Amino acid sequence: MINRRTFSKAVGLGTGAAAVSLAGLQAGAAAATGAAGHGRGGAKAAPTVPAVTPGTHTSFDRIKQVRAGVLDVGYAEAGRAHGPVVICLHGWPYDIHSFVDVAPLLAAQGYRVIVPFLRGHGTTRFLSARTFRNAQQSAIALDIIALMDALKIDHALLAGFDWGTRTADIIAALWPERVKGLVSVSGYIITDVEAQKQPIPPKAEYAWWYQYYFATERGRLAMENKADRHDLCRLVWDIVSPTWDFDDATFERTAAAFENPDYAAIVIHNYRWRLGLADGEARYERYERKLAARPVIGVPTITLDAERDPFTAPGDGASYRDRFTGKYAHRTLTGIGHNLPQEAPTAFAQAVVDVDHL
């Protein structure tokens, strides 16, 4: 989930501008703070994405596989083979089904949509049993660069939430030439491990209970046990998306991705690494040094906040606004929780189309 330091930084800020209503976004309203999307160089305004009821789609046509870097990556694909590319990146405890309604909406707008399983999820596998099951942030970002190279994608629109936001933010910051535009749920959540070692206000710490659980041997064993892992992830869904009325089948479709043999190792390493409790790898250190300096992101960006997500900081995006130096817009979705693209697919897809026209 999102960076606890970024969350805590905004504690005490005012509520800021009024939240954007989901209904307005689904109607194509250009509700934003900052730049409005009128197209580059006088180009036509972004088209309106037709509204879809969340849960309309339940599956992708098929899952493809490609060798990329240290992985054999499983991914869904939709849309025109030669259309402009959108890469959608999921978080934890989620999978590609977070974009099961978003992908066809974007495909209908002419995009080629790529939705990969992150390392340790679904059908993505390590090529070698000897590869360290590393989940530090730069390793995951480089997975996506390797995927783009393997698919011969020079640059793409990147759109993500949770781990996916962090991954997209990193690529936009360190390899901006590969990013046409960015949709970033929760804004700027690149991790500074040293900063993460400092305590934050108790109310903010409370939301991170699972992070501390994973720092214990009990937490690790829970993630390795199928029944405990299933129930823990379901509990997180319930807590962080309090208004989302999903059914058991929706959760079970995603839970299948947790059966990856490396799932527990990747999840535990990710959260322990962020707290400075697990080492990364030396080959990624140069990237981590750059990320610790909080590099700015200059590509066109739309940030999205989910009003009912317990990790959404107050301030209507004010806590991270200075990290985005290019064309920019911000939206807050009322009544929406942490799994924003699956809870509000039309608004998410509209943000992707709009950022392509900033």
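Just so you know, these numbers come straight off a predicted model, no measurement behind them.

What exactly am I supposed to notice about the overall build of the chain here?
For the chain, the count of helices and strands is 15 helices and 10 strands. Here the chain holds 358 residues, and 59% of them are scored as buried. Across the chain, contacts joining residues at least 24 apart in sequence account for 81% of those joining residues at least 6 apart. A total accessible area of about 13,800 Å² is found for the chain, and carbon and sulfur atoms account for 53% of it.

Which parts of the structure should I look at to understand the confidence of the model for the chain?
Low-confidence regions, as indicated by low pLDDT, have predicted coordinates that should not be scrutinised in detail. The share of residues in the chain with pLDDT of 70 or more is 88%, and the mean pLDDT across the chain is 90. Here residues 5-41 is a poorly scored stretch, pLDDT under 50, and it has 91 contacts once near neighbours within four places are set aside; other chains count.

Got a minute to help me understand the packing of helix H4 (residues 137-150) against helix H13 (residues 285-292) in this structure?
When two helices pack together, their arrangement is given by the angle between the helix axes and the distance between those axes. The contact between H4 and H13 brings their axes to 9 Å, and the two run at 105 degrees. Considered as vectors, H4 and H13 are oriented roughly perpendicular to each other. Every residue of H13 that contacts H4 at Gln137, Ser138 and Leu142 is listed here: Tyr287, Glu288 and Leu291.

I tried to follow a nonpolar patch on the surface on my own but got confused; where do I start?
Nonpolar side chains collect at one region of the surface, where Trp209, Leu235 and Ile239 lie side by side and expose about 250 Å² of accessible area between them. Within the element layout of this structure, leucine 235 appears in helix H10 (residues 226-240). Given a relative accessible area of 40%, leucine 235 falls into the partly exposed group.

Any chance you could explain empty space enclosed by the protein here in plain terms?
Unfilled space is identified by rolling a water-sized probe across the atoms. Counted under the stated rule, the structure contains 2 cavities of 30 Å³ or more. Of the voids in this model, the second largest cavity is the one considered here, and its volume is about 40 Å³. Lining the second largest cavity, in full, are Gln137, Ile140, Trp163, Arg166, Thr167 and Asn270. Of all the elements in the fold, those that place two or more residues in the lining of the second largest cavity are H4 and helix H5 (163-174). Broken down by element, the lining of the second largest cavity gets its largest block of residues, 3 residues, from H5.

What exactly am I supposed to notice about the pattern of salt bridges here?
Counting across every chain of the model gives 15 salt bridges. A salt bridge links arginine 234 to aspartate 238; the shortest N-O distance between them is 3.6 Å. One end of the pair, arginine 234, and the other, aspartate 238, are both in helix H10, 4 residues apart, so they sit about a helical turn from each other. Take arginine 234: its relative accessible area is 21%, and that puts it in the partly exposed class.

I'm lost on unusual backbone geometry in this one. Help?
Note that the residue after tryptophan 92, namely proline 93, is joined by a cis bond; omega there is 0 degrees. Inspection of the secondary structure puts proline 93 in the loop between strand S4 (85-89) and helix H3 (102-108). With phi around 60 degrees, aspartate 162 is a residue other than glycine that occupies positive phi space. Summarising the element assignment, aspartate 162 is placed in the loop between strand S7 (156-160) and H5. The residue serine 186 is not glycine, and still its phi comes out positive at about 75 degrees. In this structure, serine 186 sits in the loop between strand S8 (179-185) and helix H6 (193-196).

I would appreciate a short explanation of the packing of aromatic side chains in the present structure.
Aromatic ring pairs: the centre-centre distance and the angle between the two ring planes describe each pair. In this structure the tally under the stated criterion is 26 aromatic pairs. Through a chain of ring-to-ring contacts, the aromatic side chains of Tyr94, Phe99, Phe161, Trp237, Trp244, Phe246, Phe251, Phe258, Tyr263 and Phe348 assemble into a single cluster.

How should I be thinking about the nonpolar core in this particular structure?
Proteins that are soluble and globular tend to have nonpolar side chains buried together. The biggest cluster of nonpolar side chains holds 111 residues, and the ones touching the most others in it are Ile87, Trp92, Leu106, Phe214, Met223, Leu304 and Phe348. The greatest single-element share of this core, amounting to 8 residues, is contributed by H4. Filtering out sequence-adjacent residues up to four positions away, phenylalanine 214 remains in contact with Trp92, Gly219, Met223, Leu232, Val267, Ile268, Tyr271 and Arg272.

Explain the environment of valine 86 here, please?
Turning to its location among the elements, valine 86 is positioned in strand S4. Overall, valine 86 belongs to the buried group, its relative accessible area being 0%. For the pair valine 86 and valine 352, spaced 266 residues apart in the sequence, the C-alpha separation amounts to 8.1 Å. Setting aside residues no more than four positions away along its own chain, valine 86 makes contact with Leu106, Tyr111, Arg112, Val113, Ile114, Leu157 and Val352.

Even after reading the chapter, I still don't get the environment of alanine 249, so can you show me in this structure?
Looking at the element boundaries, alanine 249 is found in helix H11 (residues 248-255). We classify alanine 249 as partly exposed; its relative accessible area is 36%. Remark: the alpha-carbon pair of alanine 249 and threonine 58, spanning 191 residues in sequence, is separated by 9.2 Å.

Analysis parameters
- Every chain is numbered on its own, with residues counted from 1 as its sequence reads.
- Per-residue local features are limited, in this predicted model, to residues with pLDDT of at least 70; the limit for side-chain atom pairs, both in listing and counting, is 80 or more; totals at the level of whole chains, interfaces and linings are taken over all residues.
- Calculation of side-chain values draws on the structure's entire complement of heavy atoms; hydrogens and water are dropped beforehand.
- Starting at the N terminus, helices and strands are each numbered in turn, a helix being any DSSP run of H or I of at least four residues and a strand any DSSP run of E of at least two.
- Residue burial is assigned from relative accessible area. The probe radius is 1.4 Å, only protein chains are included, and a residue is buried under 20% of its type maximum, exposed over 50%, and partly exposed in between.
- The contact definition used throughout considers only heavy atoms, calling two residues in contact when any of these lie within 4.5 Å.
- Per-residue accessibility takes into account occlusion by the displayed protein chains alone, with areas from the Shrake-Rupley method and a 1.4 Å probe.
- pLDDT is a residue-level measure of predictor confidence that goes from 0 to 100.
- Comment: axis = line fitted to C-alpha atoms, over the contacting stretch for helices; angle = value between 0 and 180 degrees taken between N-to-C directions.
- An angle counts as roughly parallel when it lies under 35 degrees, as roughly antiparallel when it exceeds 145, as roughly perpendicular when it falls between 65 and 115, and as oblique in every other case.
- Every patch collects residues that have over 30% relative accessible area and no salt bridge, joining them within 9 Å if they carry like charges and within 5 Å if they are nonpolar side chains (Val, Leu, Ile, Met, Phe, Trp, Tyr).
- A pairing counts as a salt bridge when a side-chain nitrogen of Lys or Arg comes within 4 Å of a carboxyl oxygen of Asp or Glu.
- Throughout, the protein atoms alone are placed on a 1 Å grid, and a set of points is a cavity if a 1.4 Å probe fits but cannot get out or a pocket if it is open with protein on both sides within 12 Å along at least five of seven lines; lining residues have an atom within 4 Å of a point.
- Grid points are joined across faces, edges and corners, and a volume is the space filled by probe spheres set on the points.
- Ring geometry is summarised as follows: Phe, Tyr and Trp rings, the Trp one being its six-membered ring, pair when their centres sit within 6.5 Å, and such pairs are stacked at plane angles under 30 degrees, edge-to-face over 60 and tilted between the two.
- Residues enter a nonpolar core if they are buried and are Ala, Val, Leu, Ile, Met, Phe, Trp, Tyr or Cys, with the set joined through side-chain atoms within 4.5 Å.

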